[in-house]
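Listed here are the chains, written in short residue letters.
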Amino acid sequence: MSQQSTLKMMLPFYKKWMHRFPDLSSLAKAQEEEVLQLWQGLGYYSRARNVLKAAKEFVTYKNFPSNVEKLLLIKGIGPYTASAIASIAFDQAVIPVDGNVIRVLSRLFLIPNALNDRSDLKKIQEKALELAQYVPAGQRGAMAQALMDLGATVCRPGALAQCAGCPLRKLCETYKLEISSGCSKVAAIPQKKERQGLQKITRLLLLYRNKAGCLLIRKRPSGLPLEGQWELPSLDLVSSDDWVRECLGGAFEVKRGFRHTIMNSAYSVWLVEAGKFAGALKGHVFYSKDPQTPLTLTTMTQKALFVLEKNL
Ligand code: SF4
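Computed from a prediction, not measured in an experiment: that's the story for all the values here.

The rules behind the values
Residues numbered from 1 in each chain as written. Predicted model: local features only at pLDDT ≥ 70, side-chain atom pairs only at ≥ 80, totals over all residues. Heavy atoms only, no water. Helix = DSSP H or I, 4+ residues; strand = E, 2+ residues; numbered from the N terminus. Buried < 20%, exposed > 50% of the residue type's maximum accessible area, 1.4 Å probe, protein only. Contact = heavy atoms within 4.5 Å. Areas by Shrake-Rupley, 256 points an atom, 1.4 Å probe, with all protein chains shown as cover. Near = heavy atom within 4 Å. Nonpolar A, V, L, I, M, F, W, Y, C, P; charged D, E, K, R; others polar. Pairing = 2+ DSSP bridges. Phe/Tyr/Trp six-rings, centres within 6.5 Å; stacked < 30°, edge-to-face > 60°.

Student: Which residues make up the overall build of the protein, and what are the values?
Tutor: The number of helices and strands found in the protein is 12 helices and 7 strands. Taking the principal axes of the C-alpha coordinates as reference, the protein spans close to 65 × 55 × 30 Å. With 312 residues in all, the protein has 36% of them scored as buried. Sequence-distant contacts, at least 24 apart, represent 60% of the contacts inside the protein between residues at least 6 apart. A total accessible area of about 18700 Å² is found for the protein, and carbon and sulfur atoms account for 55% of it.

Right, here's the structure in full:
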């Protein structure tokens, strides 16, 4: 869950999940529908499906797999999760390489392009493994978490890095170069990920309400991605954000929008109060916060409801 979102955002989901599935066997017995419903709002539903598949597999084992090689054989567990489980739960000499760790090690060893260049990423992974060999038994999980936390709180992206208070500054190659050259170096490492072919789309989410103020949502038809999930009706525009503000703002109440990226599409999403709507359309319902039958909403619609609820 924490790979899907910030910790602050995901904690309520996590608490609800752990309340319903306090252990692997309770999760392994669950129906996929219920698992997806509890995951609703986190996105990437394939991860929830894989968590369920993994739980079903784990309960058949006599012992929980404790090393990276065995963990990698489980559906849905990739190198990062396998290293995280092996180091944090089983004190194995590995370090999970997430975005925060990539940033710390890129700067520490002056390896600039791990986000775009496989050979630089490989160097980072090798450095992580090498570092893990020096950590005494009993402290490997703590070391893995310390590196992740350092990246999240001190060695932050771009100009937010706080080198003056960093415990690694005397060892850090990039920081030393910055000091000796007098030029900014830390902020530019790791070099930004080149996102090729990102399609920019302006999307209007139409807020039709019934008398009770409930919003109209529709089921995504079969054959489309996210088939069967529920979403606010929408219109895509071939235009810029400025156009939305200037032109639509006069005719409708355009609320604040948000950014949303799915695969290769970067959306500028605008929430538009489209008026009252009384009729019942086929495949549409008015969304109730506590429905008798829970509906799986798309992540974009979840975000929109969150923005509306919190008045962001
Ligand atoms: S000294 Fe700066 S760049 Fe180096 S690890 Fe610490 S925070 Fe990151």
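We are not done yet, so read on.
Student: Go over the site of the ligand with me, naming the residues and quoting the values.
Tutor: Around the ligand lies a shell formed by R107, C155, C163, C166, R169, C172, Y175 and V186. Looking at the shell around the ligand residue by residue, the class counts come to 6 nonpolar, no polar and 2 charged.

Student: Account for the pairing of strand β2 (residues 215-219), with residues named and values stated.
Tutor: Here β2 pairs with strand β7 (residues 284-287) via 4 bridges, running antiparallel. By the bridge assignment for β7, L215 is matched with Y287.

Student: Mind laying out the packing of aromatic side chains, listing which residues take part and the relevant values?
Tutor: When we look at a pair of aromatic rings, we describe it by the centre distance and by the angle of the planes. Per the counting criterion, the structure on display carries 5 aromatic pairs. Judged by centre distance (4.3 Å) and plane angle (20 degrees), the rings of F58 and F64 are stacked. Taking the relative accessible area as the measure of exposure, F58 reaches 9% and is therefore buried. Judged by its relative accessible area of 35%, F64 falls in the partly exposed class. The rings of F58, Y61, F64 and F90 are connected pair by pair, giving a single aromatic cluster.

Treat this as a map of the structure, not an account of what it does.
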